[in-house]
Every structure is written in structure tokens, then in C-alpha cells.
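If you want the building blocks of each chain, they are given just below.
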Amino acid sequence: ELTNGFQGETLTIVAGAMSVARTRLLCDVLIHAVAEQGLAAAYFSMGTSTNHLIRLLLTCGTTQRASSSDTEQTSGSHIDRFGDLPLYLNDSPALSLSEIRAGARRLVRQQKKPAVIVIDSLSLMRGNDSQLAMEYRVDALKQLAKEVGCNVIATIDLPDTTLPTMDSLKAIGNIDHSAEVIFF
């Protein structure tokens, strides 16, 4: 509701401390995009296993946490809603921009529909960790959103010691200029 739905060619940054439940938030957004809005989706998770993502996805829209016993109890009642959804999960560690770009292009080409691409987390991508490299990654993801006409949502890790602000985001790199939406 805050963004009036998914708009094509949009880069959204979700910035926060690693201890914040960003992955759960992204799973909720992903399920909404796929199940409610009929979009295709890819989730590139470099810090969370596919098994854990599936447990989170199974409990999306509920208030319960995703333990293995919860998954066993909820899988029968919720797994049907995932059966035919165009949802691609990739938990390969340290993906490069070119690998993410290839996966996004493939998804859009195969599904022939708008897509949401989630990258969790930019700081775990393969490459140089300097401020300049982070700016390059964000700019490349913005170009990807425009190139394939998709929505790209990427997470950025901020230090646990600070309350997230635009200044704490700028300390990582001058990346606020490329994103249409930034959530803390």
C-alpha cells in the first residue's frame, strides 16, 4: 500500500541491521507479488538456505514462526498454494552481478510476465567490498530493473549499533541516488 503496488523498472532498497527480520519481510512481499499480483519472482539469497526460505514462505501471512515442526504442520495446508507459482529460489553463496542478471533475464523470458527480483544481501555478493563497489552494484541492479522491466528489491546490511538513517546508508556508499524506494 505504501508504494501503490509494484511498479515496473523499480529498485527498492531494504536497509537494516542483520538482526532485523528483513528475510521474513521479503518473503511476505514475495508471496504477495506472486500469489496476489500474479508476478513471477526470483529470490537470490546469499545468506539463508533454501530450506529456511521455504519454511518462511510456508508461514507467510501468519503470525507463527517457522520452526521445523511448524513447517511439518503447515506444509500440508499451505503447500498447495506454491505448486504452480512462478517462484525461483537460489541460495548460492557469493553470487556475482552477472549470475543474478542471467537468472533474472531467464525468469522474465521463460515466464513472459513482469517479475520481482529479490537480492538478499548486497554485502554478500562476490566482488570488492569498497564503497565504490557497493555503488556499482546498486547502479547495476537499477540498470537490470530497467533492462528487463522488473522490480528489484535488494537488502543492505547496516551496523547493529546505529539507528538506521540516510547518513548510515551513505556511509556504505552513495547509493541513495539509484533507488526509488528505501526502507529502514
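Structure first, text after, so check above.
Residues numbered from 1 in each chain as written. Predicted model: local features only at pLDDT ≥ 70, side-chain atom pairs only at ≥ 80, totals over all residues. Heavy atoms only, no water.

Here the focus is the pairing of strand S5 (residues 151-158). Most of S5 sits out of view: eight of its eight residues are buried. Of the two faces of S5, the one holding Asn151, Ile153, Thr155 and Asp157 and the one holding Val152, Ala154, Ile156 and Leu158 are both buried throughout. When strand S1 (residues 10-17) meets S5, the two strands line up parallel, connected through eight bridges. The residue of S5 that forms the bridge with Ile13 is Ala154. Both strand S4 (residues 115-120) and S5 contribute to a ladder of four bridges, which runs parallel. Of the residues in S5, the one forming a bridge with Val118 is Ile153. (Buried < 20%, exposed > 50% of the residue type's maximum accessible area, 1.4 Å probe, protein only. Helix = DSSP H or I, 4+ residues; strand = E, 2+ residues; numbered from the N terminus. Pairing = 2+ DSSP bridges.)

Formed by 34 residues in total, the largest nonpolar core has its most connected members in Ile117, Ile119, Leu122, Leu141 and Val152. Elements represented by at least two residues in this core include exactly S1, strand S2 (40-45), helix H4 (97-111), S4, helix H5 (131-148), S5 and helix H6 (166-172). The element contributing the most residues to this core is H5, with seven residues. Look past the residues within four positions of Leu141 in its chain and what remains in contact with it is Leu11, Leu97, Ile119, Leu122, Val152 and Ala154. Among the nonpolar cores identified, the runner-up in size contains 17 residues, and Cys27, Leu53, Cys60 and Val116 belong to it. (Core = buried A, V, L, I, M, F, W, Y, C linked by side-chain atoms within 4.5 Å. Contact = heavy atoms within 4.5 Å.)

Next up on the list: the sheet that holds S1. Paired through backbone hydrogen bonds, the strands of a sheet run either parallel or antiparallel to each other. Within the open sheet, the six strands sit side by side as S3-S2-S4-S5-S1-S6. Their pairing is parallel. One side of each edge strand has no neighbouring strand; the edge strands of this open sheet are strand S3 (87-90) and strand S6 (181-183). Neighbour to neighbour, the strand axes of the sheet diverge by 15° on average, direction disregarded. Two elements, S1 and S6, share three bridges in a ladder whose sense is parallel. In the sheet register, Ile13 faces S6, and the bridge partner there is Ile182. Against the sheet, helix H1 (residues 22-36) contacts S1, S2, S3, S4 and S5, and its axis sits at roughly 160° relative to S2. In the packing of H4 onto the sheet, contacts are made with S2 and S4, and the angle to S2 comes to roughly 160°. (Axes fitted to C-alpha atoms, helices over the stretch in contact; angles between N-to-C directions.)

On their own, these measurements won't tell you what the molecule is for.
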